[in-house]
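Descriptive analysis of the structure
In case you want the letters, here they are:
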Amino acid sequence: MKLPALNTAIKDLSEVDRREFFKAGGAVATVALTSGVTLMAFGGEASAKADAGKRWGLLIDVNKCKSDCNACVTACSDENGWEDTGNPETDAQWIRKVDLTHKQTGREVSLPMMCQHCEDAPCIDVCPTGASFKRADGIVLVDKHACIGCRYCMMACPFKARSFVHEPIENQKTHAPRGNGTVESCTLCVHRVDKGGQPACVEACGKTGNGAMMFGDLNDPASEIAVALKQYSSIGLRDDLRLNPGVRYNNL
Amino acid sequence: MKRLFASFLILIGLMGMASAGEIKSSLAPVVPKAAGEAHPEGNEFMRINHMKLMVHDRDDTVLLGDRNVKYSLKECVACHAVMGPDARPVSVKSDQHFCRTCHEFAAVKIDCFQCHNSLPDADLVKKLTMLPQKDRELAAYLKEVTE
Amino acid sequence: MERTVYREMALTPMVWVLAIILGGIIGAAGLAVLYVEHNGHIVTGMNNQIVWGLPHVFAIFLIVAASGALNVASIASVFGKTAYKPMARLSALLAMALLAGGLGVLVLDLGRPDRLIVAMTTYNFKSIFAWNVILYNGFFVVVGAYLFVQMSRGMSAKTIRAMGTAAFIWRLALTTGTGSIFGWLVARPGYDAAIMAPLFIIMSFSFGLAFFLLVLTSMYRLTKRNLDPMLIKRMGNLLGVFAGAVLYFTAVRHLTNLYAAEHGDVERFLLFGGGGITTLFWVGQVLIGGVIPIALLFRPTDGPNVGSVLLASVLIILGGLVQLYVIIIGGQMFPLEIFPAYEVTSSFYDGAVNSYTPSALELILGMGGVALTLIIAGLGVVALRILPENLSDS
């Protein structure tokens, strides 16, 4: 049986439709480029490439994060296509909620943990092939084309931020490729950030009304996040290691 | 190795034949037509160089964050999607999949789809699967008007 | 002193039987690898908490033993002990065979073994792992050249010594690199110690010599050639010193950690409270891999007791595997301390002691590495003039 090729169906698409269709990836970025409103919203210009002048980061207010809320985790899972398959020991977790009780004072807090996008990331240092890398704008990623699945980065990461894909995967999100035998972690929703957007977790956190997560350019003194960081005390996790994480927590 | 070499020879031979005239081996793969306009570089060029273009632009996207690249696997998959009997695009599991038709013939293994989805974006699929419906409506309307 | 005559090992039926058994193990390991590659690592006991498992225990044991097996040659060529000279060829061959076996396991446990070419062509020079790839490949070249000059006619003693020295320095660098894979993991309280590199070097002396002794005596028994018990006794004494040194370095490592309050928790977990891992440490590593073999090797006897030396070698190898298990698995079982002042819980095992149950697949893969080592060494002595006709202690 001969299958009908797609083009027979698509002939009637208008020119606009067609352009949208073929530029599925690029179009939105182009729109972002020409639309001043989108640009203003996140205090930066969408450039063709990752901007070395920027450093994307997160500020998480632990006091605003609710222990029973999992919105950021669900949003990340939906956005990037990793999911609970019922094998907690081998399932990937790009972001997770951690509940803490202070040993001396008994204070209870809850917070989201993900890749901390360190400036001096141990995962990048130890990766034998250079698959772990940091973009010019500070986002730490795994180039899965070069990852051989040795898991040394998982040994080196102080935050347990990385997961190894233990099973063959199908039907990935087209913007978040992931596959068996490679290591992965939070990408800071790089596909959204490159279009001028913000990570799915931050968006979801905002929608719940908790607003515990803030995303922005740490290098831009006028950005909301930089202003907040200047005003309030915050810490990076494992600051003793001097990795200068791009994710910072306050009220911890 | 021998098999690879033989396939390579056959492929070269086929390319020669294809460019020389209409003669085609019965073994040649039936390459499904793509949805969009033909590549301006020409099919010959793309057959020989598609992997270089994709690797080059993939490095630009992944490493440098360049989202305005000319070639991307996502777009290859979308434009070259082949519809299955259920009028939905087939995945790489089907031997009708665009990439598979040639790669199997050439005995060149690709591992793109261990990580990348071999199906177009869900939104796109929805749009595409809606089209025949639109076509039918249109045809019905035209029929109505002309009658 | 009479001239040493080297002769190939004859292919007796017993040799064939052994070869078939080893081939069977390698075949099984190959099938295990295909199975894991097809289904993903979910079929193994490894997970997102214990990312390195039994295959790494075997691989690192074999790699560490590889550089140690070269010691006999180094003692002859570099330090001029003539009694060891006739065994230098086997020492070099076995070193390469052990490294090949270890690397085989390591590489086949990768998530993407098909991408090995990437590891061989793309280097991040800040990664000790990348340096190790270069050190491992270089080891084959340097030790191969060393074996070649030993076996070539008319090579001057000076050349052999120069090559032997180069190989010796290389092997020290290699084991430093292997130890530093763990020593440089700054984030993990179970590792992150400069003593890892020297500890691994002394472990290599011990494990490598034990492995060498077992292979040497087995080959001589297979070929029914003469092997002087005094020679075995002499190497047994050396092995006892090495085994003692391993215990010493282990003690220093743990005492240093115990002294620092920040490392107290992980030490208490490993040494006193960790259940299985604590038992493995005290019974497997210290008692079976250290105290008992040292007692066997140094207990006063009337004459050379080859049986004791061989039994001690077996115990040191078993203890060595346990030691690497305690280092590799034990270090990962203990949770990362991200929030030092807090009790931690999460869906991702934060703050929890991780458990690991190795699967048969991993054991088969590891055994495949050992079998690969033995078959390479066997092929070497069958095809090349490696083994002297007669080995005496003079």
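Residues numbered from 1 in each chain as written. Chains lettered and ligands numbered in written order. Predicted model: local features only at pLDDT ≥ 70, side-chain atom pairs only at ≥ 80, totals over all residues.

1. Focus: the packing of helix α4 (residues 88-108) of chain C against helix α6 (residues 128-151) of chain C
All names here are of chain C.
- At a closest axis distance of 9 Å, the pairing of α4 and α6 adopts a crossing angle of 160 degrees. On the basis of their axis angle, the class for α4 and α6 is roughly antiparallel. Relative to α6, α4 is oriented so that their crossing is left-handed. Counted together, A88, R89, A92, L93, A95, M96, L99 and L103 of α4 and Y136, F139, F140, V143, G144, Y146, L147, Q150 and M151 of α6 form the full contact between these two elements. (Axes fitted to C-alpha atoms, helices over the stretch in contact; angles between N-to-C directions. Helix = DSSP H or I, 4+ residues; strand = E, 2+ residues; numbered from the N terminus. Parallel < 35°, antiparallel > 145°, perpendicular 65-115°, else oblique. Left-handed = near helix turned anticlockwise from the far one by under 90°. Contact = placed C-beta atoms within 7 Å.)

2. Focus on the packing of helix α11 (residues 276-298) of chain C against helix α12 (residues 306-333) of chain C
Residues and elements named next belong to chain C.
- As a packed pair, α11 and α12 sit with axes 8 Å apart at the nearest point and diverge in direction by 155 degrees. It follows that α11 is roughly antiparallel to α12 by the angle criterion. The handedness of the crossing between α11 and α12 comes out as left-handed.
- Its residues placed into classes, the contact of α11 with α12 shows 18 nonpolar, nine polar and no charged. (Nonpolar A, V, L, I, M, F, W, Y, C, P; charged D, E, K, R; others polar.)

3. Here's the deal with the sheet that holds strand β1 (residues 56-61) of chain A
Residue and element names in this part refer to chain A.
- Spatially, the three strands line up as an open sheet ordered β8-β1-β9, and their pairing is mixed. At either margin of the open sheet sits one strand with a lone partner, and together these are β8 (213-217) and β9 (247-250). Direction aside, neighbouring strands of the sheet carry axes that sit 20 degrees apart on average.
- Contacts between helix α10 (residues 224-231) and the sheet are confined to β1, β8 and β9, with β8 contributing the most and set at about 110 degrees to the helix. (Pairing = 2+ DSSP bridges.)

4. Observations concerning the sheet that holds strand β3 (residues 108-114) of chain A
- Spatial strand order, β3(A)-β2(A)-β3(C): three strands in an open sheet with antiparallel pairing. On the outer flanks of this sheet lie β3 of chain A together with β3 (342-346) of chain C, each paired with one strand and no other. Here the average twist between neighbouring strands, direction ignored, is 30 degrees.
- As paired elements, strand β2 (residues 95-102) of chain A and β3(A) share seven bridges and run antiparallel to each other. Following the sheet pairing, A:L100 is matched in β3(A) by A:V109.
- Across the face of the sheet, helix α5 (residues 71-80) of chain A comes into contact with β2 and β3 of chain A while running at roughly 160 degrees to β2(A).

5. Brief notes about the interface of chain A and chain C
- With 46 residues of chain A in contact, the opposing surface of chain C contributes 37 residues.
- Broken down by element, the residue count for the side of chain A that touches chain C peaks at seven residues, all from β2(A).
- Split by residue class, the side of chain A that touches chain C holds 22 nonpolar, 14 polar and ten charged.
- When β2(A) meets β3(C), the two strands line up antiparallel, connected through five bridges. Looking at β3(C), one finds that A:T101 is bridged to C:E343.

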